[in-house]
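# Structural overview for review
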Amino acid sequence: MSYIIPPPKQPSIAVAGRSERFAVRRIFCVGRNYAAHAREMGKDPDREPPFFFTKPADAVVDAPCAIPYPPETQNLHYEIELVVAIGRSGFRVPAADTGELVFGYAVGLDMTRRDLQQSAKEMGRPWDWGKAFDHSAPCGPLHLKADTGPITAGRIWLDVDGARRQTGDIGDLIWPIAELLSLLSHSMHLRPGDLVMTGTPAGVGPVVPGERITGGVAGLGDIEVTISVPE
Ligand code: MN
């Protein structure tokens, strides 16, 4: 095989304790998956089925890192999330069988240009410009499910410059991981390398250049991301 221009670098994330990396294929994200966050976004968490959006695979960056304040926004928000990494293909998988698809877990940030997302919502336009920009998915190292066991509960938190901003528990997901993966697998074939960002708890808010985000999920360690000046 030869290419007329050099092929792009394979996006990937680190694997805890290993030299091999996890090659990323696609990034699926779920909207409003904690009741308190759905309410803070002005929605009724009890009546809405889950919905998904995506980020490009090359939005991932290894945390710890510094990411530039992105262009075209005045309101960059953090969203701390549990990230599920898919290790096996699956199509139309019942929720009870989705454990076989899960390769591991990581802590990630669904960075959001909230002003662009909000105006897209108001105009009935796609969310992509609010969500799918460069460096918008900082991610900590992947922890193998073989080591962690299945994660169904545990504290999730985020601080900005040491002040607590988000807290929740994975056990409070409106749509648990098994159901999310089953739903996704009914829309398309899940494949090894896919990442699923499972939603953020309440407390989202803005960050500006110079601020330092720290956050974590019980059993997966902490991540640290600093916002640097615009590129
Ligand atoms: Mn999110």
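For the structure given in this document, a descriptive report is provided here. (Residues numbered from 1 in each chain as written. Predicted model: local features only at pLDDT ≥ 70, side-chain atom pairs only at ≥ 80, totals over all residues. Heavy atoms only, no water.)

## A closer look at the sheet that holds strand 6 (residues 65-68)
The cut-off we apply is this: By the convention used here, strands pair only if DSSP detects at least 2 bridges between them. Each helix is a run of H or I in the DSSP string that is no shorter than four residues. Each strand is a run of E no shorter than two, and both are numbered from the N terminus. Lines are fitted to the C-alpha atoms to define the axes, a helix being fitted only along its stretch in contact, and any angle between axes, read from their N-to-C directions, falls within 0 to 180 degrees.
Strand order in the open sheet made by the 5 strands is 6-18-17-13-14, with mixed pairing throughout. Both edges of this open sheet fall to strand 6 and strand 14 (163-169), since each of them pairs with a single strand only. Neighbouring strand axes in the sheet, compared pairwise and without regard to direction, differ in orientation by 20° on average. Pairing of strand 6 with strand 18 (residues 222-228) involves 4 bridges; the strand directions are parallel. Bridge pairing links isoleucine 67 to isoleucine 227 in strand 18.

## Digging into the side chain of glutamate 79
Put simply, the rule reads: We call two residues in contact when some of their heavy atoms are within 4.5 Å.
By the secondary structure assignment, glutamate 79 is in the loop between strand 7 (76-78) and strand 8 (80-86). Other than its neighbours up to four places away in sequence, glutamate 79 contacts His37, Gly108, Leu109, Asp110, Thr112, Arg114, Lys131, Gln166, Thr200 and Val204.

## Brief notes about the pairing of strand 4 (residues 52-55)
This is how the line gets drawn: A 1.4 Å probe rolled over the protein chains alone gives each residue an accessible area, and that area as a share of the maximum for its type sets the label: buried under 20%, exposed over 50%, partly exposed in between.
Residues Phe53 and Lys55 of strand 4 are buried on one face, while the alternating residues Phe52 and Thr54, pointing to the opposite face, are not. Two strands pair when backbone bridges link them, and strand 3 (residues 27-30) and strand 4 are joined in this way by 4 bridges, in the antiparallel orientation. Paired with valine 30 across the two strands is phenylalanine 52, which belongs to strand 4.

## A closer look at the nonpolar core
Heads up, the rule is: Only buried Ala, Val, Leu, Ile, Met, Phe, Trp, Tyr and Cys residues count toward a nonpolar core, and they belong to the same one when joined by side-chain atoms within 4.5 Å.
Grouped together as the largest cluster of nonpolar side chains are 38 residues, with contacts concentrated most on Met111 and Ile227. Contributing elements (two or more residues each) for this core: strand 6, strand 7, strand 8, strand 9 (102-109), strand 13 (155-160), helix 5 (177-187), strand 17 (212-217) and strand 18. Counting 20 residues, the second-largest nonpolar core is a separate cluster that includes Ile13, Ala85, Ala137 and Leu144.

## Section: the packing of aromatic side chains
Our working definition: When the centres of two rings from Phe, Tyr and Trp lie within 6.5 Å, Trp using its six-membered ring, the rings pair. Their planes under 30 degrees apart give stacked, over 60 give edge-to-face, and anything left gives tilted.
Evaluation of the coordinates by the stated rule reveals 3 aromatic pairs. Pairing phenylalanine 53 with tryptophan 127 gives two aromatic rings, centres 5.4 Å apart and planes at 50°, and the pair type is tilted. Of the two residues, phenylalanine 53 is situated in strand 4 and tryptophan 127 in the loop between helix 2 (114-123) and helix 3 (128-131); the sequence distance between them amounts to 74 residues. Considered together, phenylalanine 53 and tryptophan 127 belong to a single accessibility category, that of buried residues. One aromatic cluster in this structure is built from Phe51, Phe53 and Trp127.

## Some details on the coordination of the manganese ion
Selection criterion: Each metal's donors are the N, O and S atoms found within 2.8 Å of it, except that Na, K and Ca use a 3.2 Å limit; water is left out, so coordination can look incomplete.
Taken together, the protein donors to the manganese ion comprise Glu79 (OE), Glu81 (OE) and Asp110 (OD), at separations of 2.0 to 2.1 Å. One chain supplies every donor to the manganese ion, and in sequence these donors are spaced E-x1-E-x28-D. Taken together, the positions of glutamate 81 in strand 8 and aspartate 110 in the loop between strand 9 and strand 10 (112-113) put the pair 29 residues apart, joining distant regions of the chain. Among the residues examined, glutamate 81 registers a relative accessible area of 1% and is labelled buried.

## Structural notes on unusual backbone geometry
In this model, alanine 63 is joined to proline 64 through a cis peptide bond whose omega is 5°. In this structure, proline 64 sits in the loop between strand 5 (60-62) and strand 6. Its identity is not glycine, yet histidine 135 carries a phi of approximately 65°, on the positive side. Here histidine 135 shows up in the loop between helix 3 and strand 11 (137-139). You can call histidine 135 partly exposed: its relative accessible area is 25%. Positioned with a positive phi, aspartate 161 is a non-glycine residue whose angle comes to about 50°. Residue position: aspartate 161 is located in the loop between strand 13 and strand 14.

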